[in-house]
2 protein chains.
Amino acid sequence: MNYPNGQRKNISRPKDAKKNTNIFSNRGMTLEEDINETNTFYVKANKAVIYKKPTPVQIVKVNYPKRSAAVITEAYFKQASTTDYNGVYRYRYIDFEAKETKNKTLFPLANIHEHQIDHMKAVVDHGGISFIIIRFAAHDETFFLPAEKLFLHWNVKLNGGKKSIAYETIQEEGYIIPFQYKARIDYLAIIDELYF
Amino acid sequence: MNYPNGQRKNISRPKDAKKNTNIFSNRGMTLEEDINETNTFYVKANKAVIYKKPTPVQIVKVNYPKRSAAVITEAYFKQASTTDYNGVYRYRYIDFEAKETKNKTLFPLANIHEHQIDHMKAVVDHGGISFIIIRFAAHDETFFLPAEKLFLHWNVKLNGGKKSIAYETIQEEGYIIPFQYKARIDYLAIIDELYF
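Residues numbered from 1 in each chain as written. Chains lettered and ligands numbered in written order. Predicted model: local features only at pLDDT ≥ 70, side-chain atom pairs only at ≥ 80, totals over all residues. Heavy atoms only, no water.

As annotated in an unreviewed UniProt entry, chain A is Holliday junction resolvase RecU from Virgibacillus salarius. In its Subcellular location (unreviewed entry) section, the UniProt record describing chain A reads: "Cytoplasm". Recorded in UniProt under Function (unreviewed entry), the annotation for chain A is "Endonuclease that resolves Holliday junction intermediates in genetic recombination. Cleaves mobile four-strand junctions by introducing symmetrical nicks in paired strands. Promotes annealing of linear ssDNA with homologous dsDNA. Required for DNA repair, homologous recombination and chromosome segregation." (UniProt positions renumbered as here; feature names shortened; annotations may be inferred.)

Set out below in structure tokens:
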């Protein structure tokens, strides 16, 4: 069909069509990307104020070229001393870590550092809500595990026991996070149920 | 006076003497260093869990040499979208910015970005405690100004009014933070009085 200006009508799918397919599956995004999108949605919807902390970097050399931005020319990744995400929701301090594993049967505790556990314990001591989000990529499932549960498994490891948490245990002790369109990893829904 | 082993008695001041002089003055540390030391003290004393966020950096190039740590060879400073410090104290979310000025008579609001104000407003909306710590280097004085007071001055600026806060106004509306030995910038003392 021709139009007055000689252009054919655009019969391709509407702009959002592709975007809307498979909205409840992962689409190959990393857990970090999913959580960042979720947090952006929470902030825009005025539901919560939660952000990922910047990656800690040890800056060694910086060049200051004339008339342009400073360039960091030598820097190193530093190990994070706390967790990756924090903020505020319904008057409560929120503080959590997120980890993805390709393992089908267990979550290796080597993914977590001792100082992160210490930090999470301090957070809980001071009245914050702390937890870990664990994604089993092979199962395409993402779990919310309260810090208090994580501490128990950590103690087992410290006492020479198992160095991992079985997938079945996380199914039992954790809470599966529903995959939503806007709040892709809607962990606040779990917090609403557990802490309020 | 000689001692049996032939060594003279050490008559110099005890090791800590120098360290202990002027313990209540600034000793040339930046506000950031003072706050970091204070936060470290708070964490060690189990008083609060508050940290500075890492400097946000846009990483462009990374080299992965064999048998040694990854080296970032090109990166740029990014503007912070939130504030510099956050954490938890007495069940409350704490979120603040810190700024030092050499100006003797006023604090220029150009030191703060619009998105930082938006962030602080969202924090207050969700029940967090937000404020700014302002140091007047020339007066060697450090003030605590609640976010709610800052917002009023920001609105004046937005409406075409003054683009700064007078030193005298900060003296009136803010709270001077005592300079302590351990908690160098003991801002939790102010929070205790204002919010609990």
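Student: Sorry if this is basic, but what is going on with the overall build of chain A here?
Tutor: What chain A contains, in helices and strands, is six helices and 10 strands. Across the 196 residues that make up chain A, the buried fraction comes to 42%. For chain A, long-range pairs separated by at least 24 residues make up 64% of all intrachain contacts whose partners lie at least 6 apart in sequence. On chain A, roughly 10,900 Å² of surface is accessible, and the fraction owed to carbon and sulfur atoms is 50%. (Helix = DSSP H or I, 4+ residues; strand = E, 2+ residues; numbered from the N terminus. Buried < 20%, exposed > 50% of the residue type's maximum accessible area, 1.4 Å probe, protein only. Contact = heavy atoms within 4.5 Å. Areas by Shrake-Rupley, 256 points an atom, 1.4 Å probe, with all protein chains shown as cover.)

Student: Is there a simple way to explain the packing of aromatic side chains in this structure?
Tutor: The description of an aromatic ring pair uses the distance of the two centres, along with the angle that the planes make with each other. Applying the stated criterion across every chain, the model contains 23 aromatic pairs over all chains. Between Phe143 of chain A and Tyr167 of chain A, the ring centres sit 6.2 Å apart and the planes meet at 80°, which makes this aromatic pair edge-to-face. Residue Phe143 of chain A is found in strand E8 (residues 141-146), and its partner Tyr167 of chain A is found in helix H5 (residues 167-173); the two are separated by 24 residues along the sequence. With respect to class, Phe143 of chain A is no different from Tyr167 of chain A; both count as buried. Relative to Phe143 of chain B, the ring of Phe136 of chain B lies with its centre 6.1 Å away and its plane at 80°, an arrangement referred to as edge-to-face. For Phe136 of chain B, a relative accessible area of 0% puts it in the buried group. (Phe/Tyr/Trp six-rings, centres within 6.5 Å; stacked < 30°, edge-to-face > 60°.)

Student: Any chance you could explain the interface of chain A and chain B here in plain terms?
Tutor: Interface size is commonly expressed as the accessible area that is lost once the parts come together. Contact with chain A, which involves 34 residues of that partner, is made by 34 residues of chain B. Across the interface of chain A and chain B, roughly 2,900 Å² is buried in total on both sides, 69% from carbon and sulfur atoms. Looking only at chain A, the three residues that lose the most surface to chain B are Ile72, Tyr91 and His126 of chain A, adding up to 22% of its buried area. Between chain A and chain B we count zero salt bridges in total. Counting across the chain A and chain B interface gives seven residue pairs in polar contact (both at pLDDT 80 or more). When residues of the side of chain A that touches chain B are traced back to their parent elements, those giving at least two are strand E1 (49-52), strand E2 (57-63), strand E3 (71-77), strand E4 (85-89) and helix H3 (114-125) of chain A. For the side of chain A that touches chain B, the residue count by class is 19 nonpolar, 10 polar and five charged. (Buried area = accessible area lost by both parts, 1.4 Å probe. Salt bridge = Lys/Arg side-chain N within 4 Å of Asp/Glu carboxyl O. Polar contact = N/O pair within 3.5 Å; in protein donor to acceptor, adjacent residues only side chain to side chain. Nonpolar A, V, L, I, M, F, W, Y, C, P; charged D, E, K, R; others polar.)

Student: How do you make sense of the relation of the copies chain A and chain B when you look at a structure like this?
Tutor: Here the two chain copies are tied together by a rotation about an axis and a shift along that axis. Mapping chain A onto chain B calls for a rotation angle of 180° and an axial translation of 0.0 Å; the resulting RMSD is 0.0 Å. Both chain copies can therefore be described as sitting about a two-fold axis. Mapped onto chain B, 100% of the interface residues of chain A are again interface residues, and the two copies thus contact each other with one and the same surface. (Least-squares fit on C-alpha atoms with pLDDT ≥ 70 in both.)

Student: Please explain the UniProt feature "site: Transition state stabilizer" (unreviewed entry) in chain A as it appears in this structure.
Tutor: Residues and elements named next belong to chain A. The positions that UniProt labels "site: Transition state stabilizer" (unreviewed entry) are, in the present scheme, Lys99. Within the secondary structure, Lys99 is located in strand E5 (residues 92-101). A polar atom in the side chain of Lys99 sits 3.5 Å from the backbone oxygen of Asn111.

Student: When you look at the pattern of salt bridges in this model, what are you seeing that I'm missing?
Tutor: When charged atoms on two side chains of opposite charge get close, those side chains can pair. Per the counting criterion, the structure on display carries 14 salt bridges over all chains. The salt bridge involving Lys61 of chain A is made with Glu74 of chain A; its shortest N-O contact spans 3.6 Å. One end of the pair, Lys61 of chain A, is in strand E2; the other, Glu74 of chain A, is in strand E3, and 13 residues separate them in sequence. Judged by its relative accessible area of 18%, Glu74 of chain A is buried. The residue Arg90 of chain B makes a salt bridge to Asp192 of chain B at a minimum N-O spacing of 2.8 Å. Of the two residues, Arg90 of chain B sits in the loop between strand E4 (85-89) and strand E5 (92-101) while Asp192 of chain B sits in helix H6 (residues 187-195), which places them 102 residues apart along the sequence. By relative accessible area, which is 41% here, Arg90 of chain B ends up partly exposed. The class of Asp192 of chain B is partly exposed, set by a relative accessible area of 26%.

Student: For this particular structure, what's the right way to read H6 of chain B?
Tutor: Within an α-helix, residues lying three or four positions from one another point in the same direction, as the helix has 3.6 residues per turn. Those residues of H6 of chain B that fall on the buried side of the exposure criterion are Tyr187, Leu188, Ile190 and Ile191 of chain B. The arc that holds every buried residue of H6 of chain B, seen down its axis, measures 150°, which confines them to one face. (Arc of directions from axis to C-beta.)

Student: Would you mind showing me how to read the sheet that holds E5 of chain B here?
Tutor: Backbone hydrogen bonds hold the strands of a sheet together, and the pairing may be parallel or antiparallel. All names here are of chain B. Pairing is mixed in the open sheet, where six strands are placed in the order E1-E4-E5-E7-E8-E10. If you trace the sheet from one side to the other, it starts and ends with strand E1 (49-52) and strand E10 (175-176), each paired once. As paired elements, E5 and strand E7 (residues 129-136) share eight bridges and run parallel to each other. The residue of E7 that forms the bridge with Ile94 is Ile129. Its contacts with the sheet place helix H3 (residues 114-125) against E5 and E7, and it is angled at close to 135° to E7. Where H6 meets the sheet, its contacts fall on E1, E4, E5, E7, strand E8 (141-146) and E10, and the angle it forms with E8 comes to roughly 35°. (Pairing = 2+ DSSP bridges. Axes fitted to C-alpha atoms, helices over the stretch in contact; angles between N-to-C directions.)

Student: Hey, could you run me through the sheet that holds strand E7 (residues 129-136) of chain A in this one?
Tutor: Residue and element names in this part refer to chain A. The strand order across the open sheet formed by six strands is E1-E4-E5-E7-E8-E10, and the pairing between neighbours is mixed. The open sheet is flanked by E1 and strand E10 (175-176), the only strands paired with a single partner. Relative to E4, E1 runs antiparallel, the two sharing four bridges. When the sheet's bridge partners are listed, Val49 is paired in E4 with Val88.

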